[in-house]
Amino acid sequence: MKRLTSIFIFILFTITSLKAQFNNFVQPVKIPIRVAGSFGELRSNHFHSGIDIKTNGRVGLPIHVVENGYISRIKVSPSGFGYALYIKHPNGYTTVYGHLSRFAPKIDQWVKKQQYKKEAFAVDLVPPKTLFKLKRDEVIAYSGNSGSSGGPHLHYEIRETAKQVPLNPATRGLKIKDTRKPLLHRLYVYPLDANSCVNGQNHPVSFPLVPSSKGYGIKDHNKIYVDGHVGVGIEVVDYVSGSWSKCGINHAFLRRENTTKEDTLFAFDIDRFHFYESRYINAHIDYSRKWHTGHKVHRMYRLPGNYLSIYRKKYSNASILIDKNHQRDSFRLGVADSWKNSSYLLFSLTYRDYSKEIKEFQSKDLFLKPIQPLSWGDMKTGNEYKGSSEDMINEHLGHRDNVQLTEELKYNSAHYFHDRWFSFKIDNRTLYQDTKFKGEIINSPIAKWSPIYAFYPDDIALHRSASISFKIGNIPDSLLSKSYVAKLSKDGKHRYYAGGKIEGDLAKFKTRNLGKFTIEVDTIAPKLRSLTLVHKKQRLKNKQGIRFVVKEKETGISHYRGEIDGKYALFTYDSKNRLFEYKVDATRLSKTAVHQLQFTVKDNCGNITEFNGSFVF
């Protein structure tokens, strides 16, 4: 008994001590903290790993280190976090500060020296541990809008140093007041097999929600009739006091509720996660719904290929059975934000026999359009063929009767299909659930260098990349180096660079997004416009920099370089604004002398644009 008491006291002391460690953190900014983005918020292909702190629309707000420590990593990138600092603290945690405009002077000078040494703007540096020792509350940088930021703010993270696991800063030292409850928008009910239905349909059905005296309820008191196994999902948004930025929830549960017992079916907590598992967000949400409509829905059940660790192990699978033997059940669905502000939905599922009313269920996927691809068995084999897109299709199809190819892909297996026209390969743990794969070869006047190869369904997410190859048309040798795989937009009006390489008469590439692909050729060099140098030997004003704007619509920028008097010159790159900028460094250039500038930019197909000019300062 004494031993158990001692263990309990030790655990209590440890928890209290850890909490005190975070309570000692100072605030990273010296203004009232308002939240632009919350921890665990649903982002594209990942959970948000920190908290976005508003800086009142300002660039240049001082950023303070929250505790004693040293700089363990400095990263500069035209995308992502932009200018970012990683600081290790003796208590076993690391804090991260992203989207900065610049570092404190001593840090900035060292970083610039490394950039010139490496002759690169984008760097990922690991300073010696003793180089930048920091004292609690010291100014380390200034707020900005660098990288992929959509507006001035500070991205702030806390990580466990040993495992580099991000933790929710809202519950670890940040002083943020929030009293606003999450807003519930829609309940979704999903048939989980081919024999299940919701209100007579074998596809997901949504139900708008409205506030009620007990929390939330179904709008107009509409009934939900079910037959078979179903799961549910919830569309919810949260706002933090003092801000109208949409944020996310961190906790949710689904319980069976009646007069005799309360039974929890499913629950999750987004208070920490591993970076390597963050992409499983595409299994956690209704990805197809997001792809088609932009709406983000938390599934309150787990797909078989979802290996996220956010689910409470005891309550991690909620398949609900409503049938003639169990004809009605009531449920409570609760959600909460980081500050434990909670909202609840009460709803019921009622059995109804639709077998006599419906002869055939609709497609389980409401959005999937039927297609008519070629079957593997109908594809010819023999000598290799090289010709125009139309000739390839004519030679293959003959009388042009398309035959549908359908292959059932198991979520926990690797799959490989191969034919003379195209191949498709995925590893295991690529799919989140069993999926019907479909393929199609399309002859189209908009595809000059190869047919359009379509791989469906295009509204699913792949956890790992699929390896794809397909036959190309007769591309002149002079254009092979300018050729690339292009992905078509949903409406077919736009093309996006998907990379790949040409080997013989095949294009090979990897992708995590299925859809329509073809070959395009890019022979147009990027367009470069100087915002500063407009005539020869131009005199720059005091502290005036040299700026260029680049326009490259097709394949994107792969490389750029600036040189002054034949030596490397550090140009920063803001990819979202397509802006290059050089700030005149008087320690490297002599005044009054005429300096020769050469600036070169290259796209992903090797097309080059060069600017030559001169200036004095």
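Structure shown above.
Residues numbered from 1 in each chain as written. Predicted model: local features only at pLDDT ≥ 70, side-chain atom pairs only at ≥ 80, totals over all residues. Heavy atoms only, no water.

**Some points on the overall build of the protein**
Convention followed: Each helix is a run of DSSP H or I of at least 4 residues and each strand a run of E of at least 2, with the numbering of both proceeding from the N terminus. Buried means the residue's accessible area, taken with a 1.4 Å probe over protein chains only, is under 20% of the maximum for its type, while exposed means over 50%, and partly exposed covers the values in between. Residues count as neighbours in contact if any of their non-hydrogen atoms are within 4.5 Å of one another. Residue-level accessible areas treat just the shown protein chains as cover; the underlying method is Shrake-Rupley with a 1.4 Å probe.
Scanning the protein from terminus to terminus reveals six helices and 45 strands. Per-residue burial over the protein gives 50% buried out of 617 residues. Contacts in the protein between residues far apart in sequence, at least 24 positions, make up 70% of those at least 6 positions apart. Total accessible area on the protein stands at roughly 30400 Å², and carbon and sulfur atoms take up 49% of it.

**Some words on the packing of aromatic side chains**
Note the cut-off: Think of it this way: a Phe, Tyr or Trp ring, Trp meaning its six-membered ring, pairs with another when their centres are within 6.5 Å, and the plane angle makes it stacked under 30 degrees, edge-to-face over 60, tilted otherwise. Charge-over-ring placement is defined geometrically: NZ (Lys) or CZ (Arg) within 6 Å of the ring centre, and within 35 degrees of the ring normal.
Summed over the entire model, instances satisfying the criterion amount to 40 aromatic pairs. Look at Phe437 and Phe455: their rings are 6.3 Å apart centre to centre, the planes differ by 20°, and that puts the pair in the stacked class. Residue Phe437 is located in strand 29 (residues 435-442), and its partner Phe455 is located in strand 30 (residues 452-456); the two are separated by 18 residues in the primary sequence. Each of the two residues, Phe437 as well as Phe455, counts as buried. Feature note: the residues Phe417, Phe422, Phe424, Phe437, Tyr453, Phe455, Phe470, Phe509 and Phe517 constitute an aromatic cluster, connected by ring pairs. Positioned over the ring face of Trp291 is Lys490, at 4.2 Å from the centre of the ring.

**Observations concerning the sheet that holds strand 44 (residues 595-603)**
Note the cut-off: Only strands that DSSP links by at least two bridges are regarded as paired with each other.
The five strands are arranged 38-45-44-40-41 in an open sheet whose pairing can be described as mixed. Every interior strand has two partners, whereas the edge strands, strand 38 (538-539) and strand 41 (567-569), have only one. Here two bridges tie strand 38 to strand 45 (residues 608-616), and the two strands are oriented parallel to one another. If you follow Gln538 over to strand 45, its bridge partner there is Phe615.

**Considering the environment of Thr592**
Position of Thr592 relative to the elements: it lies in the loop between strand 43 (579-582) and strand 44. Its relative accessible area of 65% is what places Thr592 among the exposed residues. Distance from Thr592 to Val616, taken between C-alpha atoms, is 5.8 Å for residues 24 residues apart in sequence. Residue contacts for Thr592: discarding those within four places in its chain leaves Val616 and Phe617.

**Here we look at the pattern of salt bridges**
How we decide: The term salt bridge refers to a side-chain nitrogen of Lys or Arg lying within 4 Å of a carboxyl oxygen of Asp or Glu.
Applying the stated rule across the entire model yields 23 salt bridges. In this structure, Arg561 and Glu119 form a salt bridge, with 3.0 Å as the shortest nitrogen-oxygen distance. Residue Arg561 is found in strand 40 (residues 557-564), and its partner Glu119 is found in the loop between helix 2 (105-118) and strand 9 (123-125); the two are separated by 442 residues along the sequence. For Glu119, a relative accessible area of 40% gives the class partly exposed. Several salt bridges share partner residues, and in doing so they unite Glu41, Arg43 and Asp52 into one network.

**Description of unusual backbone geometry**
Residue Tyr456 is joined to Pro457 through a cis peptide bond whose omega torsion reads 0°. The topology assignment puts Pro457 in the loop between strand 30 and strand 31 (466-471). The phi angle at Arg429 is positive, at roughly 60°, despite the residue not being glycine. Of note, Arg429 is situated in the loop between strand 28 (422-426) and strand 29. Positive phi values are uncommon outside glycine, yet Arg578 reaches one of about 55°. Structurally, the position occupied by Arg578 is in the loop between strand 42 (572-574) and strand 43. Accessibility expressed as a relative area gives 38% for Arg578, which makes it partly exposed.

**Considering the side chain of Ser530**
Rules: Residues adjacent in sequence count toward polar contacts only when both atoms are side-chain atoms; beyond that, a polar contact is any pair of N or O atoms within 3.5 Å, and within protein one must be able to donate a hydrogen and the other to accept it.
Here Ser530 shows up in strand 37 (residues 527-530). Of the polar contacts made by the side chain of Ser530, one reaches the backbone nitrogen of Thr532; its length is 3.3 Å. A polar contact of 2.9 Å, which involves the side chain of Ser530, links it to the backbone nitrogen of Leu533. Discounting chain neighbours no more than four positions away, the residues touching Ser530 are Arg547, Phe548 and Phe611.

**Focus on a positive patch on the surface**
What counts here: Distance thresholds for patches are 9 Å for like charges and 5 Å for nonpolar side chains (Val, Leu, Ile, Met, Phe, Trp, Tyr), applied to residues having over 30% relative accessible area and no salt bridge. In this tally, Lys and Arg are treated as positive and Asp and Glu as negative; His is ignored, and so are the chain termini. A charged residue contributes its charge at one atom only: NZ of Lys, CZ of Arg, CG of Asp or CD of Glu.
Together, Lys527, Arg529, Lys551, Lys553 and Arg578 make up a region of like positive charge exposed at the surface. By the element assignment, Arg529 lies in strand 37.

**A look at helix 2**
Threshold: Take the number of residues in a helix, subtract one, and multiply by 1.5 Å to get its expected span.
Helix length check: helix 2, at 14 residues, gives a terminal C-alpha distance of 20 Å against a target of 20 Å (1.5 Å per residue), a fit within 8%. Of the positions making up helix 2, those classed as buried are Ile107, Trp110, Val111, Gln114, Gln115 and Tyr116. Count one or two residues on from helix 2 and you reach Glu119, which has phi positive near 55°.

**Notes on the pairing of strand 24 (residues 328-336)**
Relative to strand 24, strand 19 (residues 251-257) runs antiparallel, the two being bridged by six bridges. Paired with Ala252 across the bridge in strand 24 is Val335. Sheet topology note: the strand 24/strand 25 (residues 342-351) ladder contains nine bridges and is antiparallel. For Leu333, the partnering residue across the bridge sits in strand 25 and is Leu345. Between strand 24 and strand 25, which pair antiparallel in sequence order, lie five residues; one of them, Lys340, sits at a positive phi of approximately 65°.

**Topic: the layout of surface pockets**
For clarity, the cut-off: Only protein atoms enter the 1 Å grid used here, on which a cavity is any set of points holding a 1.4 Å probe that cannot leave and a pocket is any open set flanked by protein within 12 Å on both sides along at least five of seven lines; residues with an atom within 4 Å of a point are listed as lining. Grid points are joined across faces, edges and corners, and a volume is the space filled by probe spheres set on the points.
A volume near 910 Å³ is recorded for the second largest pocket. Along the walls of the second largest pocket sit 30 residues, with Tyr83, Ser101, Arg102, Thr572 and Lys583 positioned nearest its centre. For the lining of the second largest pocket, the secondary structure elements donating two or more residues are strand 8 (93-103), helix 2, strand 42 and strand 43. Considering every element that reaches the lining of the second largest pocket, the biggest residue donor is helix 2, with five residues.

**Observations concerning the sheet that holds strand 28**
Worth spelling out the cut-off: Between N-to-C directions, angles span 0 to 180 degrees; the directions come from axes that are lines fitted to C-alpha atoms, helices contributing only their stretch in contact.
If you trace the five strands from one edge of the open sheet to the other, you get 27-28-31-35-34, paired in antiparallel fashion. The sheet is open, and its two borders are formed by strand 27 (415-418) and strand 34 (501-503), each paired with just one other strand. Neighbour-to-neighbour, the strand axes of this sheet turn through a mean angle of 15°, independent of strand direction. Examined bridge by bridge, strand 34 and strand 35 (residues 506-511) share three bridges and lie antiparallel to one another. Along strand 35, the bridge assignment pairs Glu503 with Leu506.

**A few points about the environment of Leu409**
Of note, Leu409 is situated in strand 26 (residues 406-409). A relative accessible area of 3% means that Leu409 is categorised as buried. Leaving out residues up to four positions away in the same chain, Leu409 has contacts with His415, Phe417, Phe424, Ile426, Leu431, Gln433, Asp434, Thr435 and Phe437.

**Side note on empty space enclosed by the protein**
Unfilled space is identified by rolling a water-sized probe across the atoms. Note the following rule: Amino acids are sorted into nonpolar (Ala, Val, Leu, Ile, Met, Phe, Trp, Tyr, Cys and Pro), charged (Asp, Glu, Lys and Arg) and polar (every other residue, Gly among them).
Applying the stated criterion to the full structure yields one cavity of 30 Å³ or more. Of the voids in this model, the largest cavity is the one considered here, and its volume is about 30 Å³. Every residue lining the largest cavity is listed: Leu409, Phe424, Ile426, Leu431, Thr435, Phe437, Ile460, Leu462 and Leu514. Only strand 28 and strand 29 provide two or more residues apiece to the lining of the largest cavity. When the residues that make up the lining of the largest cavity are grouped by side-chain class, the tally is eight nonpolar, one polar and no charged.

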